[in-house]
Amino acid sequence: MSVRIMIPRPRKTSPGLCFHYGDEQICFEISARRSQKSKVLIKVHPDCRIQVAAPENSSDEEVLGAVKKRGRWIWQQLRDFRAQQQHITERQYISGESHYYLGKQYMLKVLVEPEEKQRVKMLRGRLEITVREKNPERIRVLLNEWYKDRAKEVFARRLEAMLDQALWVSERPPLRVQTMQTQWGSCSPQGRITLNPHLVKAPRESIDYVILHELCHLAEHNHSERFYRLMKQVMPHWEKIKSHLDDMAAVLLNGSHSA
């Protein structure tokens with residue numbers, strides 16, 4: 001099992017239930033709540049997709065009424081996410097870009113030194129890359145190699161720390177770092193944990209969440225109620241951390257903040 005990457009991709013929501021707020025038509029998807037509670041839950045994703053979880057016995061009119069009451073809040077969320085998307089640009093690997101490491105932003109500084117060794121180092125709040133010629137692809141490769149090296153070190157330390165909470169794990173599982181397009185992490189049936197090196201760009205609590213998620217799969221290799229009970233036991237606020245990681249995915253994987 002794995003922790004999927006939620007990458008924001010602007011798209012239209014299929015017109016199921018819709019309502020108007022001002023001049024804007026807002027449409028949303030509906031799913032049934034696992035819980036028997038009567039409350040309607042509303043989630044606005046960074047790609048401006050809206051999901052509503054409602055009790056199975058709710059009528060469309062009841063769901064629509066509940067969502068309309070939160071119309072202003074939904075509209076504000078959509079406005080904020082659209083503004084964020086305007087400030088995310090594809091990386092060009094030039095000086096002045098900001099890149100993440102352990103949840104913090106660092107400015108990229110590219111130094112062209114034809115006679116120097118090509119390297120990456122972190123120095124006084126910036127990532128400094130020395131190259132023999134200004135080649136964005138070479139800079140990208142060097143930076144990704146640096147992230148992978150740091151990831152191996154950080155993930156090994158955090159796995160060791162999380163094992164103190166995972167009392168059901170008797171032996172330290174094998175750990176591999178591998179770039180994945182759609183997953184932050186995975187756990188094989190044989191118990192090997194694989195983590196995405198791009199995860200090292202996220203805050204430490206996000207890294208801990210993904211590691212704990214995979215450690216829980218060593219006890220329960222599916223997303224059953226028992227799995228979620230175990231996750232809640234070792235990390236009570238994991239859903240909030242997961243949501244924050246999902247919201248950061250576009251910046252961590254695809255772009256950098258522009259000024």
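Before any of the text, the structure's been laid out above.
Criteria and thresholds
- Residues numbered from 1 in each chain as written.
- Predicted model: local features only at pLDDT ≥ 70, side-chain atom pairs only at ≥ 80, totals over all residues.
- Heavy atoms only, no water.
- Patch = residues over 30% accessible without salt bridge, like charges linked within 9 Å, V, L, I, M, F, W, Y side chains within 5 Å.
- Areas by Shrake-Rupley, 256 points an atom, 1.4 Å probe, with all protein chains shown as cover.
- Salt bridge = Lys/Arg side-chain N within 4 Å of Asp/Glu carboxyl O.
- Lys, Arg positive; Asp, Glu negative; His and termini not counted.
- Charge placed at Lys NZ, Arg CZ, Asp CG, Glu CD.
- Buried < 20%, exposed > 50% of the residue type's maximum accessible area, 1.4 Å probe, protein only.
- Helix = DSSP H or I, 4+ residues; strand = E, 2+ residues; numbered from the N terminus.
- Pairing = 2+ DSSP bridges.
- Axes fitted to C-alpha atoms, helices over the stretch in contact; angles between N-to-C directions.
- Contact = heavy atoms within 4.5 Å.

**Student:** Is there a simple way to explain a positive patch on the surface in this structure?
**Tutor:** There is a patch of like positive charges on the surface, built from Lys 117, Arg 119, Lys 121 and Arg 124. Assessed through its relative accessible area of 32%, Lys 121 is described here as partly exposed.

**Student:** Even after reading the chapter, I still don't get the pattern of salt bridges, so can you show me in this structure?
**Tutor:** A pair can form between side chains of opposite charge whenever their charged atoms are brought close. In this structure the tally under the stated criterion is seven salt bridges. The salt bridge partner of Glu 160 is Arg 172, with a shortest N-O separation of 3.0 Å. Placement of Glu 160 in helix α3 (residues 136–163) and of Arg 172 in the loop between α3 and β11 (175–177) is noted, with a sequence separation of twelve residues between them. Taking the relative accessible area as the measure of exposure, Glu 160 reaches 43% and is therefore partly exposed.

**Student:** What's the story with the sheet that holds strand β7 (residues 98–101) in this structure? I'm lost.
**Tutor:** Through backbone hydrogen bonds, the strands of a sheet pair up, either in parallel or in antiparallel fashion. Ordered in space as β7-β8-β10-β9, the four strands form an open sheet in which the pairing is mixed. Both edges of this open sheet fall to β7 and β9 (119–123), since each of them pairs with a single strand only. Taken over all neighbouring pairs, the strand axes of this sheet differ in orientation by 35° on average, direction set aside. Direction of pairing for strand β8 (residues 104–112) relative to strand β10 (residues 126–131): parallel, over a ladder of six bridges. By the bridge assignment for β10, Leu 108 is matched with Leu 127. This element, α3, spans β7, β8, β9 and β10 of the sheet and lies at about 130° to β10.

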